[in-house]
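This is what each chain is made of:
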Amino acid sequence: METSIKSLMFSTPFTNAAGVWCTTEKELKEIRDSAAGFVTFKSMTIFPRKGNVEPRFSYFNHSSINSMGLPNKGVDYYCKVAKKLQGKKPMIASIAGFSPDEYITLLKKVNNAPFDGIEVNLSCPNVVGKGIFAYNIPLSIKIMKELRKMTEKVLGVKLPPYVSRDNVKNMAEGLINAKVDFVTTINSFPLGCAIDYKKEKMKIKPNDGIGGLGGAATKNIGIGQVVLFRQFSKGKLGIIGVGGVEKGSDVYEYILAGASAVAVGTALWKNKPVLFSKLKYELESIMKKQKVKKLSEKIGALKII
Ligand code: DHB
């Protein structure tokens, strides 16, 4: 079941999606001590943030909607936690700036802490009045090129869903040119809306009820992005697949599509970190049935019909 992205070795191909079960030291330790193969930290900003007003998260039908607004304890806190938790499994810092310069400040800090990899979050949908960097592809490539110059750690970028092949192609080719190591795809679909029909109200309050849709409703969007990133990067980018992973078969589908690992958000929120043990058990039994000796041999092995 071992997989890898560049120098990062994962004993199991699962992690928490940035944002879920990873805001406090206690939560991060629970992920580290679970059957997850690596730990992803909450997207960190330069200063601590309280985030958006509540209600800002709602779970329904194996899916979720959120508009958290980057509540986090600030980069310095997470650098200290990384020191305490290091040594057991790879740890990935997720950084979220409000300007290209802020990404540089954040990168310097996490580069000096014992993180093994860095995920640059260019796709947070929920900060009132801020757009999503990753929808500006030339700017995103420019930011990633700058950051690449500053670190030798494994470097990746968290992306939102795209709706044209050209966007995926341009992003994939630009990131390869920038020598980025991996993409994490997808962040939540940014313009979701969930309604409580009995109350005749939106389920969340920030941004007038529009927020990031995650979970089962996004699984086949995530798989489509993984397939296209795999195709356009010709295997030159590692891929962490995200969106609707809840069962071993979901993990196996993402692996066949081209992901080297998956991140679990909504289902982790619902089931707690013990979910990773269930995923491991279910993936093992699928591998037996499919007569797979090494999971890594199945990455991108999907057949086109
Ligand atoms: C938040 C949501 C995201 O999807 C993300 O990538 C970063 C932050 C949030 O609202 O906190």
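If you're wondering where the values come from, they're calculated on a predicted model, not measured in any experiment. (Residues numbered from 1 in each chain as written. Predicted model: local features only at pLDDT ≥ 70, side-chain atom pairs only at ≥ 80, totals over all residues. Heavy atoms only, no water.)

### Quick look at the overall build of the chain
Along the backbone of the chain there are nine helices and 16 strands. In summary, the chain has a C-alpha radius of gyration of 18 Å against a globular reference of 19 Å for 305 residues, a match within 12%. Dimensions of the chain along its principal axes, counting C-alpha atoms only, are 50 × 50 × 40 Å. Here the chain holds 305 residues, and 56% of them are scored as buried. Sequence separation of at least 24 residues holds for 74% of the intrachain contacts in the chain that already meet a minimum separation of 6. The chain carries 47 positive and 25 negative side-chain charges, and their two centres are separated by 2 Å. (Helix = DSSP H or I, 4+ residues; strand = E, 2+ residues; numbered from the N terminus. Rg over C-alpha atoms; globule rule 2.2 N^0.38 Å. Buried < 20%, exposed > 50% of the residue type's maximum accessible area, 1.4 Å probe, protein only. Contact = heavy atoms within 4.5 Å. Lys, Arg positive; Asp, Glu negative; His and termini not counted. Charge placed at Lys NZ, Arg CZ, Asp CG, Glu CD.)

### With respect to the packing of helix α5 (residues 165-177) against helix α6 (residues 219-233)
Here α5 crosses α6 at 50 degrees, and the two axes come no closer than 9 Å. The angle between α5 and α6 falls in the class oblique. In this structure, α5 crosses over α6, and the sense of that crossing is right-handed. Taken together, the residues of α6 that come into contact with α5 (itself represented by Arg165, Val168, Lys169, Met171, Ala172, Glu173 and Ile176) are Gln225, Leu228, Phe229, Gln231, Phe232 and Ser233. (Axes fitted to C-alpha atoms, helices over the stretch in contact; angles between N-to-C directions. Parallel < 35°, antiparallel > 145°, perpendicular 65-115°, else oblique. Left-handed = near helix turned anticlockwise from the far one by under 90°.)

### Regarding the pattern of salt bridges
If you walk through the whole model with that rule in mind, you get 16 salt bridges. With a shortest N-O distance of 3.3 Å, Glu173 and Lys169 are connected by a salt bridge. Within this pair, Glu173 and its partner Lys169 are both found in helix α5, separated by four residues, close to a single helical turn. With relative accessibility at 31%, the residue Lys169 sits in the partly exposed group. Across the pair Lys278 and Glu282 runs a salt bridge, and its minimum N-O distance is 3.1 Å. Separated by four residues within a single helix, Lys278 and Glu282 lie in helix α9 (residues 275-289), roughly one turn from each other. Residue Lys278 is classed as partly exposed on the basis of its relative accessible area, which comes to 34%. Glu282 sits in the partly exposed class, given a relative accessible area of 22%. (Salt bridge = Lys/Arg side-chain N within 4 Å of Asp/Glu carboxyl O.)

### Examining the site of the ligand
Lining the immediate environment of the ligand, one finds Lys42, Asn66, Met68, Gly69, Leu70, Pro71, Asn121, Cys124, Pro125, Asn126, Asn187 and Ser188. Taken by itself the ligand offers 290 Å² of open surface, and the protein chains cover 92% of this. Of the residues contributing to the shell around the ligand, the split by class is five nonpolar, six polar and one charged. (Near = heavy atom within 4 Å. Areas by Shrake-Rupley, 256 points an atom, 1.4 Å probe, with all protein chains shown as cover. Nonpolar A, V, L, I, M, F, W, Y, C, P; charged D, E, K, R; others polar.)

### Comments concerning α6
Between its terminal C-alpha atoms α6 stretches 21 Å, which fits the 21 Å expected from 15 residues at 1.5 Å a residue. By the burial criterion, the buried members of α6 are Lys219, Gly222, Ile223, Gln225, Val226, Leu228, Phe229, Phe232 and Ser233. Looking at the buried positions of α6, the neighbouring elements they touch are β9 (154-159), α5, β10 (182-185), β14 (210-215), β15 (238-242) and α7 (248-257). Two residues or fewer past α6, Lys234 is found with a positive phi of approximately 50 degrees. (Expected span 1.5 Å × (residues − 1).)

### Some remarks on the sheet that holds strand β4 (residues 39-40)
Read across the open sheet, the eight strands follow the order β3-β16-β15-β10-β9-β8-β7-β4; overall the sheet is parallel. Lying at the two open borders of the sheet, with one neighbouring strand each, are β3 (14-16) and β4. Of the strand pairs in this sheet, β15 and strand β16 (residues 261-264) are connected by three bridges, and their pairing is parallel. The residue bridging Gly241 from the neighbouring strand is Val262, located in β16. Across the sheet, helix α3 (residues 100-111) lies against β7 (91-95), β8 (117-121) and β9, angled at about 160 degrees from β7, the strand it touches most. (Pairing = 2+ DSSP bridges.)

### Some thoughts on the sheet that holds strand β6 (residues 63-66)
Spatially, four strands are ordered β5-β6-β14-β11 in an open sheet, and the strand pairing comes out antiparallel. The open sheet terminates on both sides in strands that have one partner only, identified here as β5 (57-60) and β11 (189-193). Strand-to-strand twist of the sheet, defined as the mean angle between neighbouring strand axes without regard to direction, takes the value 40 degrees. The sheet contact formed by β6 and β14 spans four bridges and is antiparallel. Note on β14: the bridge partner recorded for Ser63 is Gly215.

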